[in-house]
Amino acid sequence: MKNQILAIMNRNDYRPIKFKDFAYLLGLKSQKEREMLRAELNRLIDEKKIRLNTSQRYEWYRASMEKEGIYRASKGSFGFVEIDDDLFIQDIFIPGSESKGANNNDSVIVRIVKDGTAEKNPEGTIVRILKRAPQIYVGTFHKNKNYGFVVPDAKDEYDDVYIPKNQLGAAHHLDKVQIEIVKFPQLKHQKPEGRILHVLGNAKSEGMDMLSLIYRYQLPYEFSASCLEEAENLATDTEVEFNATRIDLTAEIIVTIDGESAKDLDDAVCVKRTPQGYRLMVSIADVSHYVKEHGAIDMDAYERGTSVYFPDRVVPMLPKKLSENLCSLNPKEKKFAFTADLLIDEDGKIIGSEFYKSIICSKARLTYSEVNRLLDGDTENLGYEYIGYRNELFLMKELADKLYKRRMQQGAIDLDIAEPYLQLNKEGNVIGLAAGIRGNAERIIEDFMLAANRSVAEFIYHTSIPSIYRVHEEPDSEKLREFVRFVSLLGYRFKLGKTHYSASLNQFVEEIKGTDQEYLLKKILLRCMKKAEYRSDSTSHFALAFMYYTHFTSPIRRYPDLMVHRILSKIIDGTLTEEYISYLNAKLSDIAYDCSQKERRAEEAEREAEKIKIAQYMQKHRGDIFDGVISSVLNFGMFVQLSNMAEGLVRFSDLAEDYYEVDSTKLKAVGKRTGKVRAVGDAVRVEILRVNIQNGEIDLMLLNQTNEGDIIEN
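How each quantity is defined
Residues numbered from 1 in each chain as written. Predicted model: local features only at pLDDT ≥ 70, side-chain atom pairs only at ≥ 80, totals over all residues. Heavy atoms only, no water. Helix = DSSP H or I, 4+ residues; strand = E, 2+ residues; numbered from the N terminus. Rg over C-alpha atoms; globule rule 2.2 N^0.38 Å. Buried < 20%, exposed > 50% of the residue type's maximum accessible area, 1.4 Å probe, protein only. Contact = heavy atoms within 4.5 Å. Areas by Shrake-Rupley, 256 points an atom, 1.4 Å probe, with all protein chains shown as cover. Lys, Arg positive; Asp, Glu negative; His and termini not counted. Charge placed at Lys NZ, Arg CZ, Asp CG, Glu CD. Polar contact = N/O pair within 3.5 Å; in protein donor to acceptor, adjacent residues only side chain to side chain. Axes fitted to C-alpha atoms, helices over the stretch in contact; angles between N-to-C directions. Parallel < 35°, antiparallel > 145°, perpendicular 65-115°, else oblique. Left-handed = near helix turned anticlockwise from the far one by under 90°. Nonpolar A, V, L, I, M, F, W, Y, C, P; charged D, E, K, R; others polar. Phe/Tyr/Trp six-rings, centres within 6.5 Å; stacked < 30°, edge-to-face > 60°. Lys NZ or Arg CZ within 6 Å of the ring centre and 35° of its normal. Pairing = 2+ DSSP bridges. pLDDT = per-residue confidence, 0-100. Salt bridge = Lys/Arg side-chain N within 4 Å of Asp/Glu carboxyl O.

1. Side note on the overall build of the chain
Scanning the chain for helices and strands turns up 17 helices and 34 strands. Relative to a compact globule of 714 residues, whose C-alpha radius of gyration would be 27 Å, the chain shows 28 Å and is just as compact. The dimensions of the chain, computed from C-alpha atoms along their principal axes, are 75 × 75 × 65 Å. The buried share of the chain, taken over its 714 residues, is 50%. Contacts in the chain between residues far apart in sequence, at least 24 positions, make up 65% of those at least 6 positions apart. Summing over all exposed atoms, the chain offers an accessible surface of approximately 34800 Å²; the carbon and sulfur share of this is 48%. Averaging the positions of the 100 positive and the 111 negative side-chain charges in the chain gives two centres separated by 5 Å.

Below is the structure:
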């Protein structure tokens with residue numbers, strides 16, 4: 001009952017309620033059940049977790065509460081404190097006047113001064129700073145006679161940082177450098193003082209844009225000497241021999257399907273017909289065979305957490321000796337693998353599963369684009385490996401379609417939206433930009449990987465052995481209500497269910513398929529969703545509609561997958577010890593949290609890299625005209641999604657025709673003089689006005705269209 005009470009109060013839309021409301025929500029009717037509820041509520045009050053306020057409603061106990069957390073500075077003067085505590089679902093808002101000089105990532109003690117609501121975060125004040133985080137920035141170095149200064153790349157950082165003469169080192173004028181701030185300003189007119197950590201090279205040199213991001217996000221770029229030495233001493237492919245403890249799958253028709261540029265091939269698939277339906281074998285590179293826990297390679301991999309994919313390069317989690325050689329499931333080579341062997345009926349239901357160590361030999365290295373051509377009926381100039389495995393590939397599509405259909409029937413939400421596809425030349429410059437297309441081949445691999453991940457999670461969960469899970473919580477009901485209000489303004493009738501939202505969301509997503517507004521509406525709906533994260537406790541995955549889910553299929557590029565491999569291996573080998581289980585109980589929560597943080601860091605870096613590359617491309621199109629759709633309206637302007645997937649900003653200050661006031665709904669702007677309305681979802685035509693490559697910003701000029709379709713520039 002305690003867990004049920006806390007589950008109710010942990011909801012982001014929770015408002016203080018009375019005893020009778022708890023009894024109603026928990027479905028308690030008998031006097032005995034109500035007495036148990038009263039006793040449990042009183043215990044929580046005694047533990048100072050909750051309190052009964054003057055209105056006789058139960059709320060979180062906040063009075064003089066001080067908690068430890070991490071301060072996250074925002075672009076304004078305010079910030080938030082993240083607290084690793086089940087009582088705090090929301091971050092604590094810190095006004096600028098209450099930050100007490102805290103800098104980004106500082107460990108702090110915060111006091112809660114105001115409870116949060118569905119619309120607002122709790123508010124707090126920084127009591128003291130426990131530990132200063134290193135303040136690392138990347139920028140352009142400017143050298144003067146007796147000193148230097150660095151202009152940071154990111155616009156939300158300091159205007160410039162003073163570098164004293166004795167800290168100039170080997171930096172030259174207009175070099176890109178990584179610096180650390182060693183002295184913070186005490187007065188507003190003062191500049192922070194820093195020291196140079198690394199000289200990256202001339203700011204205009206080839207590839208410096210991406211290298212700067214690597215250092216700016218502090219991504220581990222070079223492997224340690226001990227890691228490289230350990231990797232070099234591993235057995236080479238020619239020494240891989242059949243292992244009697246593994247199941248031999250080398251005779252099976254197993255293939256890999258990946259993008260053209262992929263080098264770390266960590267999954268291979270095989271589908272066969274059975275009397276009941278299908279047999280799906282998903283074989284994953286057995287990275288845990290090579291990467292020993294707590295070894296040098298493992299320590300470097302944990303520090304990275306994930307591979308980071310930039311448009312022109314990869315910062316891998318594992319050294320190339322493993323990621324592109326030993327562990328990569330290259331064609332015609334025997335490889336150690338970990339296989340999820342699934343039996344699936346005609347309706348796409350998994351009716352049996354087995355997990356074992358295997359040895360495989362991929363018959364072909366297939367690509368998404370060529371498999372899509374085959375499945376679409378275009379066989380002109382296709383290689384033999386595609387024509388030769390035609391039947392197997394069509395069987396894969398047949399099974400994937402059934403897996404997808406069953407997922408949708410069970411409440412999964414298809415929020416797949418097109419991502420920008422950047423075509424690069426050999427120098428890493430973008431020469432083409434368009435919406436990326438996900439075809440049947442991509443969907444086949446996605447559904448097969450989902451099936452394997454889900455089956456592994458269910459198996460481990462029912463053994464009661466600690467593990468890492470991929471968790472996606474339900475979206476905040478308040479955010480969804482805002483979304484319902486928004487789409488109603490666009491003419492859609494959308495009623496949200498009272499508790500389980502997936503059915504109504506699915507119905508809406510199906511309704512907008514194929515419409516001009518599909519991309520925009522899915523993108524906005526995605527913003528309403530919470531971020532998926534890694535946890536050591538299993539709760540369901542809302543978007544996938546899975547009760548249990550984990551990551552098992554990409555151990556070359558994700559550390560959580562590697563941990564799951566180790567745990568699953570010990571379970572099926574019977575080598576689990578009480579000591580190891582105690583280790584998992586003690587460490588998995590921290591490992592899951594760290595992996596989530598490193599995933600977030602990688603996503604931010606990848607997003608920034610994409611913005612910069614797109615800005616470089618759009619710089620060549622200054623003065624050109626594009627069609628687009630208004631994607632959001634803010635106080636200072638309107639963001640427009642262009643037809644080629646670039647996004648730019650129409651600043652109200654650039655619109656001389658009128659003074660625009662933003663509606664309180666934040667969905668539209670209204671011209672004060674003309675009454676002209678600019679609303680989210682409106683189709684517009686714009687001209688590329690300005691481009692800031694360093695910050696990945698594109699400024700647009702709005703062009704007016706008359707009723708006759710004439711284009712008139714503002």
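There is more to say, and it comes next.
2. Details of the side chain of D209
Residue position: D209 is located in helix α4 (residues 208-216). Side-chain polar atoms of D209 contact the side chain of K613, separated by 3.2 Å. Those residues within four positions of D209 in sequence are excluded, and the remaining contacts are I612, K613 and Q616.

3. Details of the packing of helix α12 (residues 440-461) against helix α16 (residues 559-573)
Here α12 crosses α16 at 55°, and the two axes come no closer than 11 Å. When the interaxial angle is binned, α12 and α16 end up oblique. In this structure, the crossing between α12 and α16 has a hand that is left-handed. Of α16, the residues touching α12 (which contributes V456, F459 and I460) are V564, I567, L568, I571 and I572. A class-by-class count of the residues in the contact of α12 with α16 yields 8 nonpolar, no polar and no charged.

4. Section: helix α14 (residues 502-512)
Within α14, burial applies to S502, S504, L505, N506, F508, V509 and I512. Note on α14: the residue one or two positions beyond its end, G514, has a positive phi of about 85°.

5. Some words on the packing of aromatic side chains
Under the criterion given, the structure shown has 17 aromatic pairs. Measuring from ring centre to ring centre gives 5.6 Å for F652 and Y660, while their planes differ by 15°; the resulting arrangement is stacked. What makes F652 buried here is its relative accessible area of 10%. Over the ring of F223 we find R304, and its NZ or CZ is 3.7 Å from the ring centre. If you follow K598 out to its NZ or CZ, it ends over the ring of Y302, 4.0 Å from the centre.

6. A short note on the sheet that holds strand β29 (residues 660-662)
On the basis of which strands lie adjacent, the open sheet formed by 3 strands has the order β29-β30-β31 and antiparallel pairing. Taken across any chain shown, the strands that pair with only one partner, and hence form the sheet edges, are β29 and β31 (677-679). Between one strand axis and the next, the sheet turns by 20° as a mean value, whatever way the strands run. When β29 meets strand β30 (residues 668-671), the two strands line up antiparallel, connected through 3 bridges. In the sheet register, Y660 faces β30, and the bridge partner there is G671.

7. Here we look at the packing of helix α9 (residues 368-375) against α12
Viewed as axis vectors pointing N to C, α9 and α12 meet at an angle of 110°, and their least axial separation amounts to 7 Å. With respect to α12, the element α9 is oriented roughly perpendicular. Between α9 and α12, the contacting residues are Y368, V371, N372 and L375 on the first element and N440, A441, E442, I444 and I445 on the second. Grouping the amino acids of the contact of α9 with α12 by side-chain chemistry returns 6 nonpolar, 2 polar and 1 charged.

8. Thoughts on unusual backbone geometry
Not every positive phi belongs to a glycine, and S464 is a case in point at roughly 65°. When you line up the elements, S464 lands in the loop between α12 and β24 (469-471). Look at A545: it is not a glycine, yet its phi comes out positive at around 60°. Structurally, A545 can be placed in the loop between β25 (533-535) and α16. We classify A545 as partly exposed; its relative accessible area is 25%.

9. Looking at the confidence of the model for the chain
On average, the chain scores 89 in pLDDT, and the residues at 70 or more come to 93%. Segment residues 706-714 is flagged for pLDDT under 50; beyond a separation of four residues in sequence, or across chains, it makes 16 contacts in the model.

10. Details of helix α7 (residues 296-304)
Those residues of α7 that sit buried are A296, I297, D298, D300, A301 and R304. Contact partners of the buried residues in α7: α5 (225-232), β18 (313-315), α8 (320-326), α16 and α17 (578-619). Just past α7, the residue G305 takes up positive phi, approximately 80°.

11. A word on the pattern of salt bridges
Pairs can form between side chains of opposite charge whenever their charged atoms are close. Counted under the stated rule, the structure contains 47 salt bridges. The salt bridge involving R132 is made with D106; its shortest N-O contact spans 2.8 Å. Residue R132 is found in the loop between β7 (123-131) and β8 (136-143), and its partner D106 is found in the loop between β5 (92-94) and β6 (107-114); the two are separated by 26 residues along the sequence. According to the relative accessible area criterion, R132 is partly exposed, its value standing at 39%. We classify D106 as buried; its relative accessible area is 0%. Here K672 makes a salt bridge to E661, at a shortest N to O gap of 3.9 Å. With K672 in the loop between β30 and β31 and E661 in strand β29, this residue pair connects regions lying 11 residues apart in the sequence. Owing to a relative accessible area of 59%, K672 belongs among the exposed residues under this scheme.

12. Focus on the pairing of strand β28 (residues 647-651)
Both strand β27 (residues 637-642) and β28 contribute to a ladder of 5 bridges, which runs antiparallel. Bridge assignment links F639 to a residue of β28, and that residue is L649. Here β27 folds back onto β28 in antiparallel fashion, the turn holding 4 residues, of which M645 has a positive phi close to 85°.

13. What to know about the pairing of strand β19 (residues 334-345)
Along β19, 10 of the 12 residues are buried, which leaves the element largely enclosed by surrounding structure. Here strand β16 (residues 277-285) pairs with β19 via 9 bridges, running antiparallel. Bridged to A285 within β19 is A337. Looking at chain direction, β19 and strand β20 (residues 350-361) are connected through 11 bridges and run antiparallel. Each bridged residue has a counterpart across the sheet, and for L343 the counterpart in β20 is G352. The antiparallel pairing of β19 with β20 creates a hairpin that spans 4 residues between the two strands, and G348 there sits at a positive phi of about 85°.

14. Brief notes about the environment of D537
Relative to the elements of secondary structure, D537 occurs in the loop between β25 and α16. In contact with D537, not counting residues within four places along its chain, are Y469 and V471.

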